[in-house]
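# Overview (structure and organization)
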Amino acid sequence: MSDILSLFLETYEASRSRFRENLAVIQEYWPKAQLSQHKITGDEDLTIDWVQSDALETNEKVLILTTAEHGVEGYVGSAMQQRFIDKFLPRLDPRMTGLLLLHSINPWGMKYHRRVNANNVDLNRTFVWKNSFDKTINPDYDRLLDILRADKPFKNLTLSNLDYYLKLALKVLQMGWPAFKSAFLLGQYRHADGLFYGGEGYQEETKVLIDLYRQAFGAYDQILHLDMHTGYGSRFQMSMVNSMHEKRSSQEFVENFNYPLVVAANPEEFYAIQGDMIDYEYELWQHEFSDKKLFATAFEFGTFGDGFKGKVGMPRAMSFENRLYWQGVDDQNLEQKIKYDFEELFNPSALEWKAKAVQDADRALKGILDVEGYIR
């Protein structure tokens, strides 16, 4: 168990240092691998880091692995990235395979244990094709403002919980669960202090990623991208979440990869996302690189589960944390309780959860890398 626990670090700085130290290990297989950084604008030492290398002989295929698009989720993502480097990277064929390993797409969010960047933007709602942001998308989000808005400071957690649960129950009765779920999760572009806010245009972080993806798509015949996330879905079975643009059925992937839980990012199997990064890659592939082979997916490590706690507790933890950020609170114990619930939603502390998450990642990585022809 100790080797599993060592994968999970507690600070952005420690995670980044470990990632950078991996360069020497990677260069044993890819001697020309280089470490690069993009410093986020501002005075703080916040960087998007990546290790990149062409194949040694011919650029047939590239493997991309990304973490912390939603900052706080990067602690689990960093653990899974390290697991990949330790266990699977030595099995790749560097003669034909290039690498693009990215650490912390959203370093500000990871450092401060928030999902969003410094502009309160959810980066997985910013990958809108051709920068065509539409403020009218998801009008039903406005119907949720009375339970999600961040304009009231906390005074009493018990009363805040009672108010939240009563309003949530009424809202679900009025809208129905599918409509509520869609309005909550889809993404919105009007309320800058709200949840799942996608901004008014590409963020700095988004632009860095789009440039790197375009370079990779242009240089290789086959692209495999694995993106790490936490929060939604079954607590003890990681979900492999495919793009809504992926033509093959989820059941085909279950059978081909020998992995039990594969879903598509649509309302029927998971939930729809406006401005999703994986969807953007499929758009890029379809419009500009259709002669290439692409498979991109997200590993979603569920935390609260897909039962009552997940359905009710996830919106609560997110809306309370957002309200705390904007309005603050005088009671330190109340602040710690809200932050703890939020952290547990995206970076669980339970040892059994961490062990199962690594086990699921191992199984999914083996299945994907084998079927896609990446491991020897």
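Up top is the structure these notes are about.
Quick summary incoming for the structure in this document. (Residues numbered from 1 in each chain as written. Predicted model: local features only at pLDDT ≥ 70, side-chain atom pairs only at ≥ 80, totals over all residues. Heavy atoms only, no water.)

So, about the overall build of the protein chain. Looking only at helices and strands, the protein chain has 13 helices and eight strands in total. By the compact-globule yardstick of 21 Å for 376 residues, the protein chain fits well, its C-alpha radius of gyration being 20 Å. Dimensions of the protein chain along its principal axes, counting C-alpha atoms only, are 65 × 40 × 40 Å. Counting the 376 residues in the protein chain, one finds 60% classified as buried. (Helix = DSSP H or I, 4+ residues; strand = E, 2+ residues; numbered from the N terminus. Rg over C-alpha atoms; globule rule 2.2 N^0.38 Å. Buried < 20%, exposed > 50% of the residue type's maximum accessible area, 1.4 Å probe, protein only.)

Our focus in this paragraph is the environment of R20. Within the fold, R20 resides in helix α2 (residues 12–27). As for R20 and W50, which are separated by 30 residues in sequence, their C-alpha atoms are 8.5 Å apart. Leave out the neighbours within four places in its chain, and R20 touches L35, Q37, T47 and D49. (Contact = heavy atoms within 4.5 Å.)

With respect to the helices and strands, the residue T47 is situated in strand β2 (residues 47–53). One polar contact links T47 to R20, side chain to side chain, over a distance of 3.2 Å. With near-sequence residues (within four places) excluded, T47 lies in contact with Y12, R16, R20, Q37, H38, K39, H103, S104 and P107. (Polar contact = N/O pair within 3.5 Å; in protein donor to acceptor, adjacent residues only side chain to side chain.)

Here we take up the packing of helix α6 (residues 157–175) against helix α11 (residues 308–327). In contact at an axis separation of 11 Å, α6 and α11 are set at 125° when each is read in the N-to-C sense. Regarding the angle of α6 to α11, the classification is oblique. Crossing hand, α6 versus α11: right-handed. From α6, L157, S160, N161, Y164, Y165 and L168 reach across to α11, where they touch V312, P315, R316, S319, F320 and R323. (Axes fitted to C-alpha atoms, helices over the stretch in contact; angles between N-to-C directions. Parallel < 35°, antiparallel > 145°, perpendicular 65-115°, else oblique. Left-handed = near helix turned anticlockwise from the far one by under 90°.)

Here we take up the nonpolar core. The tendency in soluble globular proteins is for nonpolar side chains to be buried side by side. Counting residues in each nonpolar core, the largest one holds 86 residues, and the members touching the most others are L63, M80, F84, L101, F299, F301 and L369. It is helix α13 (residues 351–371) that contributes the most residues to this core, eight residues altogether. Setting aside anything within four residues of it in sequence, one finds M80 in contact with F8, M228, F301, A357, V358 and A361. The next biggest cluster of nonpolar side chains, apart from the first, holds 38 residues, and it includes L157, M175, F184 and L345. (Core = buried A, V, L, I, M, F, W, Y, C linked by side-chain atoms within 4.5 Å.)

The buried count for strand β4 (residues 97–103) comes to seven of seven residues, which makes it a mostly enclosed element. Both strand β3 (residues 61–66) and β4 contribute to a ladder of five bridges, which runs parallel. Each residue of the ladder has a partner; that of V62, found in β4, is G98. Where the polypeptide runs from β3 across helix α3 (residues 74–88) and back to β4, its parallel neighbour, the crossover connection is right-handed. (Pairing = 2+ DSSP bridges. Right-handed = clockwise from strand over helix to strand, strands pointing away.)

Take Q82: it is sitting in helix α3. By relative accessible area, which is 9% here, Q82 ends up buried. For Q82, the residues in contact, after removing those within four places along its chain, are L7, R18 and N22.

Here we take up the pattern of salt bridges. Scanning the entire structure with this criterion turns up 21 salt bridges. Among the salt bridges present, the one from R125 reaches D122, with a minimum N-O distance of 3.8 Å. What makes D122 buried here is its relative accessible area of 0%. Among the salt bridges present, the one from K339 reaches E335, with a minimum N-O distance of 3.0 Å. Placement of the pair is K339 and E335 together in helix α12 (residues 332–346), with a separation of four residues, close to one helical turn. Taking the relative accessible area as the measure of exposure, K339 reaches 46% and is therefore partly exposed. (Salt bridge = Lys/Arg side-chain N within 4 Å of Asp/Glu carboxyl O.)

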